Amino acid sequence: MHKRTKIKIAIFVLLVGMACMFTAVVTDHWAVLSPKVEKLNDTCEAAHFGLWRLCKKHIYISSENYVEGHGCGPISLPGEENCTYFGHFTPGQDAEIFEYKTQKEYNISAAAISIFSLAFMILGSLCLIGSCTGKTKTRDYLLKPAGMFFAFSGLCAFICLEVMRQSVKRMIDSEETIWIEYYYAWSFACACTGFVLLFLAGIALLVLSMPHMPRNPWETCMDAEPEQVE
């Protein structure tokens with residue numbers, strides 16, 4: 001396969017990874033929490049949250065949709081939903097996030113790391129644009145930092161995922177928790193996909209932009225014929 005084709009494939013994978021990561025950052029379905037159902041034919045309050053908001057949903061539980069041993073839900077059932085931004089991002093407002101025993105430090109860290117991930121994606125995108133519009137030498141040179149920026153973005157996404165996972169685990173393990181069930185939802189899956197695609201495709205782009213390796217052991221990289229990316 002021609003080197004230019006490989007680079008195009010890597011760039012396409014990066015675009016998919018960026019779309020997945022951006023979707024994860026701006027949506028609120030990283031984790032779903034369910035409390036114990038106290039009685040049937042009544043409403044219970046489930047919750048789902050992301051990096052910026054927590055959403056509470058009042059779900060009516062009847063004998064038809066209740067599964068013994070399970071918590072309130074599933075979250076897809078109809079019900080009134082109310083979303084609140086985390087208090088540390090909207091100072092002066094009485095956000096009720098802490099009644100759910102979430103950890104403020106974890107949420108601040110995850111949100112900040114996600115911003116770094118987006119910043120690296122923007123820098124990588126600017127390098128890609130420059131490589132597509134510049135001269136041949138500039139093109140080859142800008143692919144290297146682009147690959148590094150996207151790989152760093154993937155690493156930040158991984159750290160963000162781990163911080164959120166620890167946040168949920170700490171909530172569930174708390175003795176004062178009201179939650180008996182939890183699972184990671186589609187926003188978390190988007191972040192996982194974004195991490196894998198950004199990191200692997202970033203590394204691939206970095207490798208592909210390296211100088212052409214010598215074919216003979218007595219040659220150096222400077223002696224080998226340069227391989228231009230058109």
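Everything numeric in this text was worked out from a predicted model, so none of it was measured.

1. Some words on the overall build of the protein chain
Looking only at helices and strands, the protein chain has 4 helices and 5 strands in total. Evaluated residue by residue, the protein chain yields a buried proportion of 41% over its 230 residues. Surface summary for the protein chain: the accessible area is close to 13,000 Å², and the carbon and sulfur share equals 62%.

2. So, the side chain of D28
In this fold, D28 is placed in the loop between α1 (3–26) and β1 (31–35). D28 gets classed as buried once you look at its relative accessible area, which sits at 8%. Those residues in contact with D28 that lie beyond four places of it in its chain are H48, F49, G50, R53, C55 and S187.

3. Quick look at the nonpolar core
With 39 residues, the main nonpolar core has W30, F49 and L205 as its most contacted residues. Per-element tally for this core: the top contributor is helix α3 (residues 136–173), with 12 residues. Formed by 10 residues, the second largest nonpolar core is a distinct cluster that contains V37, C72, I75 and L77.

4. Things to note about the confidence of the model for the protein chain
Put simply, the protein chain has an average pLDDT of 78, and 75% of its residues get 70 or more. This stretch, residues 88–102, has a pLDDT under 50; its non-local contacts, to residues over four places away or in other chains, come to 29 contacts.

5. So, α1
One turn of an α-helix holds 3.6 residues; hence residues three or four places apart share an orientation. Along its 24 residues, α1 runs 35 Å from first to last C-alpha, staying within 8% of the 34 Å computed at 1.5 Å per residue. Three or more residues of α1 are buried, namely K3, I7, A10, L14, G17, M18, C20, M21, A24 and V25.

About the thresholds
- Residues numbered from 1 in each chain as written.
- Predicted model: local features only at pLDDT ≥ 70, side-chain atom pairs only at ≥ 80, totals over all residues.
- Heavy atoms only, no water.
- Helix = DSSP H or I, 4+ residues; strand = E, 2+ residues; numbered from the N terminus.
- Buried < 20%, exposed > 50% of the residue type's maximum accessible area, 1.4 Å probe, protein only.
- Areas by Shrake-Rupley, 256 points an atom, 1.4 Å probe, with all protein chains shown as cover.
- Contact = heavy atoms within 4.5 Å.
- Core = buried A, V, L, I, M, F, W, Y, C linked by side-chain atoms within 4.5 Å.
- pLDDT = per-residue confidence, 0-100.
- Expected span 1.5 Å × (residues − 1).

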